[in-house]
Amino acid sequence: MWHTPKSAAFVAALMGLLLAPSAFVRAQGDTNRVSMPFSDPSRPGTVRVNLFQGSIKVTASTGREVVVTTDETIVTRRDGREAVVPPRPEAIGLRRLTQPSGLQITEENNVMLISSGRFMGGEDLVIEVPVRTNLNLSAFNDEIEVEGVNGEIEVTSMNGEIDLRNVSGAVVAHATNGEVRVSLRQLTADKPMAFTSLNGDVDVTLPASARANLRLRSDQGEVYTDFDVQIQQARPGPTPGQAKVAPAPPRPPLPPLPPLPPGSSSKREAEQRERARRELERQSRELERRNRMLDDTAIYGAINGGGPEFELRTFNGDVFLRRGK
Amino acid sequence: VELGEMRQMLTLSLMQQQSATERLRGVSGSLEIDQPGNEIVRALLDTLMHDPNVNVRLASVDALRRFSERDVVRQGTVQALADSSFPLVQIAIIDFMVETKAKDAVDALRRLSADVAANEAVRGRAAWGVQQLNL
């Protein structure tokens, strides 16, 4: 695809190369690329991305640095220093007085923050990260893809879909209007996970040996699985489709407190007060326990004997829970 | 007593973590506490209203269910219902109100069902909620 402004930028970049061969421009086609290390590469870093416009694609690499590729100008900040890629050849030798615009990348304390410096953002991002990296990705209009990364992966999208392939660790994902598709190769023990959508399907593949307590729910659609799920409880409640369901019986009144035995010694009164207090406590515990049981239309079940809680939930879509290898 | 307090402190500290996974762990951990103090209820309400992650907010709706008799929870859920950033959370709050027979939330639900700026699925659910609570 040829966009005139981009080809113009490309030509300008080429001219820059010709005019100033020493410039550190690494333009490939009309794409910019920046490589940025974590401050402590010996422990997993975190990459946080927040985009309004444009898609995010993250892949695992064997390298130790984060490599960002996009069509935007990239502005990096690290240890108080700033660099712009590519620099305008016309500006070489001059100081910039305005704030730079373009994709902003900042690293501090092993957290790399990538955000758009422009009002609406715009370009698609491709990011290579070390295999062991935590991700926190959020997009508004476009899709988010992740492949092969191992870490805590938090992904949120409003209008785009989410596609996580062959990831490991722990995932918390939500797409309001798009589909959530996740295949997990390996899980971190004892970490809860959640995969949810309002209007899209939720399609999750877990390793066959995964231990979990599941909470599965689709309000308007269906729930499918090929796992051997031990259903624990499924309490049908009122749903909009079955508005004629009889209202649940009113909660029974609390049983009366045991009558106080006659007597007036203050010690005995204190004992009685104590007993009454304990009885009240017992009743309030009982009430809270019952409220806890009072639940929705979700299906509860365990796989491989149970484990941390995994929630798969969509309002308008279907839920698919698949058994991987 | 010490064990219960430790559990409570652990839960509260998990709910403050950077990682959404840890916060989820804190929220579901609150269900294991036998007699949770007000701090736990406050922390769950704070999560419902301010947590940056939608799935952590959703989990807090479920964890708040056992405190649904408390005024602070009834008021907090009505307040959280007005936040339109995550429609799925709004729907979960509507279901919470219906399941816990929160008749005092009918006005808020009626307003939401008539709010043209709200998500369509949310408006439909709110209308259903009004109908359920008026049965």
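Residues numbered from 1 in each chain as written. Chains lettered and ligands numbered in written order. Predicted model: local features only at pLDDT ≥ 70, side-chain atom pairs only at ≥ 80, totals over all residues. Heavy atoms only, no water.

**A short note on the interface of chain A and chain B**
Argument step 1. Contact with chain A, which involves 41 residues of that partner, is made by 37 residues of chain B.
Argument step 2. Buried surface at the junction of chain A and chain B, summed over both partners, amounts to about 3400 Å²; 54% is from carbon and sulfur atoms.
Argument step 3. Where chain A touches chain B, the interface holds 4 salt bridges.
Argument step 4. The partner of Lys191(A) in a salt bridge is Glu22(B), with the nearest N and O atoms 2.5 Å apart.
Argument step 5. If you list the elements that add at least two residues to the side of chain A that touches chain B, you get strand S12 (150–157), strand S13 (162–175), strand S15 (193–197), strand S17 (212–218) and helix H2 (266–293) of chain A.
Argument step 6. The element that contributes the greatest number of residues to the side of chain A that touches chain B is H2(A), accounting for 6 residues.
Argument step 7. Residue classes in the side of chain A that touches chain B are distributed as 16 nonpolar, 9 polar and 16 charged. (Contact = heavy atoms within 4.5 Å. Buried area = accessible area lost by both parts, 1.4 Å probe. Salt bridge = Lys/Arg side-chain N within 4 Å of Asp/Glu carboxyl O. Helix = DSSP H or I, 4+ residues; strand = E, 2+ residues; numbered from the N terminus. Nonpolar A, V, L, I, M, F, W, Y, C, P; charged D, E, K, R; others polar.)

**Thoughts on helix H7 (residues 106–113) of chain B**
Residues and elements named next belong to chain B.
Argument step 1. Val106, Ala108, Leu109 and Leu112 are the residues of H7 that are buried. One side of H7 carries all its buried residues, which in axial view fall inside an arc of 160°. Exposed side of H7, more than 90 degrees from the buried face: Asp107 and Arg111 are the residues found there.
Argument step 2. Against helix H5 (71–81), helix H6 (87–99) and helix H8 (120–133) lie the buried residues of H7. (Buried < 20%, exposed > 50% of the residue type's maximum accessible area, 1.4 Å probe, protein only. Arc of directions from axis to C-beta.)

**So, the packing of aromatic side chains**
Argument step 1. Here the structure, examined in full by the defined rule, presents 2 aromatic pairs over all chains.
Argument step 2. Ring centres of Phe52(A) and Phe140(A) lie 4.8 Å apart, and the angle between their planes is 15°; this geometry places the pair in the stacked category. With Phe52(A) in the loop between strand S2 (46–51) and strand S3 (56–61) and Phe140(A) in the loop between strand S10 (134–139) and strand S11 (144–147), this residue pair connects regions lying 88 residues apart in the sequence.
Argument step 3. Looking at Phe140(A), the relative accessible area reads 31%, which means it is partly exposed.
Argument step 4. An angle of 15° between the planes, with centres 5.3 Å apart, marks the rings of Tyr224(A) and Phe320(A) as stacked. Placement of Tyr224(A) in strand S18 (residues 223–225) and of Phe320(A) in strand S22 (residues 319–323) is noted, with a sequence separation of 96 residues between them.
Argument step 5. Its end group placed over the ring of Trp128(B), Arg125(B) keeps NZ or CZ at 4.6 Å from the ring centre. (Phe/Tyr/Trp six-rings, centres within 6.5 Å; stacked < 30°, edge-to-face > 60°. Lys NZ or Arg CZ within 6 Å of the ring centre and 35° of its normal.)

**Structural notes on the nonpolar core**
Argument step 1. By size, the foremost hydrophobic cluster in this structure holds 53 residues, and its most contacted members are Ile127(A), Val171(A) and Phe195(A).
Argument step 2. Looking at which element gives the most residues to this core, the answer is S13(A), with 7 residues.
Argument step 3. What Val171(A) contacts, discounting residues up to four positions off in sequence, is Ile153(A), Leu164(A), Val182(A), Leu184(A), Met193(A), Ala194(A) and Phe195(A).
Argument step 4. Core analysis: the next-biggest nonpolar cluster, separate from the first, contains 48 residues, Ile40(B), Met49(B), Val73(B) and Ala121(B) among them. (Core = buried A, V, L, I, M, F, W, Y, C linked by side-chain atoms within 4.5 Å.)

**Topic: unusual backbone geometry**
All names here are of chain A.
Argument step 1. Phi at Asn110 takes a positive value of approximately 70°, unusual for a residue other than glycine.
Argument step 2. Within the secondary structure, Asn110 is located in the loop between strand S7 (103–108) and strand S8 (111–116).
Argument step 3. For Asn110, a relative accessible area of 2% corresponds to the buried category.
Argument step 4. Even without glycine at this site, Asn304 takes up a positive phi of about 50°.
Argument step 5. Among the structural elements, Asn304 can be located in the loop between strand S20 (299–303) and strand S21 (309–314).
Argument step 6. A relative accessible area of 35% means that Asn304 is categorised as partly exposed.

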